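If you want the building blocks of each chain, they are given just below.
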Amino acid sequence: GESVGLHLPTLSVQEGDNSIINCAYSNSASDYFIWYKQESGKGPQFIIDIRSNMDKRQGQRVTVLLNKTVKHLSLQIAATQPGDSAVYFCAENGGTGRRALTFGSGTRLQVQP
Amino acid sequence: DTGVSQDPRHKITKRGQNVTFRCDPISEHNRLYWYRQTLGQGPEFLTYFQNEAQLEKSRLLSDRFSAERPKGSFSTLEIQRTEQGDSAMYLCASSLEGRYNEQFFGPGTRLTVL
């Protein structure tokens, strides 16, 4: 079936460095790709999304890149802070008209002081 | 706190018992979603409502599961004849119409079936 997956289960970075979290997707019909952050004991929190007709979108300290040729999505976090430590999930909506999100299995980001 | 709330936060039950969870979405959100999450995995979609109408259900939602949103506000998720495989975190989320990508999640209800 269609799936959204992540390359690395755990990413460890030094405080102040930039972080890059990668995700591969397989459903080319999706028209939105989204990144969520989940801290321990909490529900996922929306970070940023990107439409399938875009290849880059920037937010506050975060940038999402979409490469539809290789079905790859990445989240870049600038100047990573201890508060960024969490599990990050990419998700996709599966195509026009769908409202349910399909999540990947997550990457844990550990920020070392 | 005006975020999504869920009750209870934890539920321990014996196999075969019925359980019911409640979700209160953000008040102005007309869309409400249920997901299930197991350890180390991303949330898996179960079902969603627009106002009181249940518009989509996942194959994961077996006939032992039922969800309601009778007045278009809070929602309940009931699991009948629980099985050990039902042990998971059950997450509720809500969103504005037209902003379904930005779903606001509650803290979840952790279910343990003994």
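All figures in this text were calculated on a predicted structure; none of them were measured in a lab. (Residues numbered from 1 in each chain as written. Chains lettered and ligands numbered in written order. Predicted model: local features only at pLDDT ≥ 70, side-chain atom pairs only at ≥ 80, totals over all residues. Heavy atoms only, no water.)

Peer 1: Describe in detail the nonpolar core, supporting the description with residues and values.
Peer 2: Residues and elements named next belong to chain A. Residues Trp35, Leu73, Leu75, Tyr88 and Leu109 are the most contacted members of the largest nonpolar core, which totals 20 residues. Going through the elements one at a time, strand E2 (10–14), strand E3 (19–25), strand E4 (32–38), strand E5 (45–51), strand E7 (62–67), strand E8 (72–77), strand E9 (86–92) and strand E11 (107–112) are the ones with two or more residues in this core. Once residues within four sequence positions are removed from consideration, leucine 73 is found in contact with Ile21, Asn22, Cys23, Phe33, Trp35, Ile50, Val64, Leu65, Leu66 and Cys90. (Core = buried A, V, L, I, M, F, W, Y, C linked by side-chain atoms within 4.5 Å. Buried < 20%, exposed > 50% of the residue type's maximum accessible area, 1.4 Å probe, protein only. Helix = DSSP H or I, 4+ residues; strand = E, 2+ residues; numbered from the N terminus. Contact = heavy atoms within 4.5 Å.)

Peer 1: Tell me about the state of the cysteines, residues and numbers included.
Peer 2: Residues and elements named next belong to chain A. As enumerated under the stated definition, the model contains 2 disulfides over all chains in all. A sulfur-sulfur distance of 1.9 Å marks the disulfide that ties cysteine 23 to cysteine 90. Its torsion about the S-S bond being 50°, the disulfide of cysteine 23 and cysteine 90 is classed as right-handed. Residue cysteine 23 is found in strand E3, and its partner cysteine 90 is found in strand E9; the two are separated by 67 residues along the sequence. On the basis of relative accessible area, cysteine 90 is assigned to the buried category, the value being 1%. (Disulfide = S-S within 2.5 Å.)

Peer 1: Let's hear about the sheet that holds strand E3 (residues 19–24) of chain B: which residues, and what values?
Peer 2: Residues and elements named next belong to chain B. Pairing within the open sheet is antiparallel, and its 4 strands lie in the order E1-E3-E8-E7. Looking at strand neighbours, the two that pair on one side only are strand E1 (5–7) and strand E7 (65–68), the edges of this open sheet. Each adjacent strand pair in this sheet contributes to an overall mean axis angle of 15°, direction not counted. (Pairing = 2+ DSSP bridges. Axes fitted to C-alpha atoms, helices over the stretch in contact; angles between N-to-C directions.)

Peer 1: So what's going on with the layout of surface pockets? Residues and values would help.
Peer 2: Empty space within the second largest pocket amounts to approximately 500 Å³. Lining the second largest pocket are 23 residues; nearest its centre among them are A:Gln38, A:Val87, A:Arg108, B:Leu39 and B:Gly40. Counting only elements with at least two residues in the lining of the second largest pocket, the list comes to E9 and E11 of chain A. If you tally residues by element for the lining of the second largest pocket, the top one is E9(A), at 3 residues. Of the residues assigned to the lining of the second largest pocket, the class counts are 7 nonpolar, 12 polar and 4 charged. (1 Å grid on protein atoms, 1.4 Å probe; cavity = no way out; pocket = protein on both sides within 12 Å on 5 of 7 lines; lining within 4 Å. Points joined across faces, edges and corners; volume = space filled by probe spheres on them. Nonpolar A, V, L, I, M, F, W, Y, C, P; charged D, E, K, R; others polar.)

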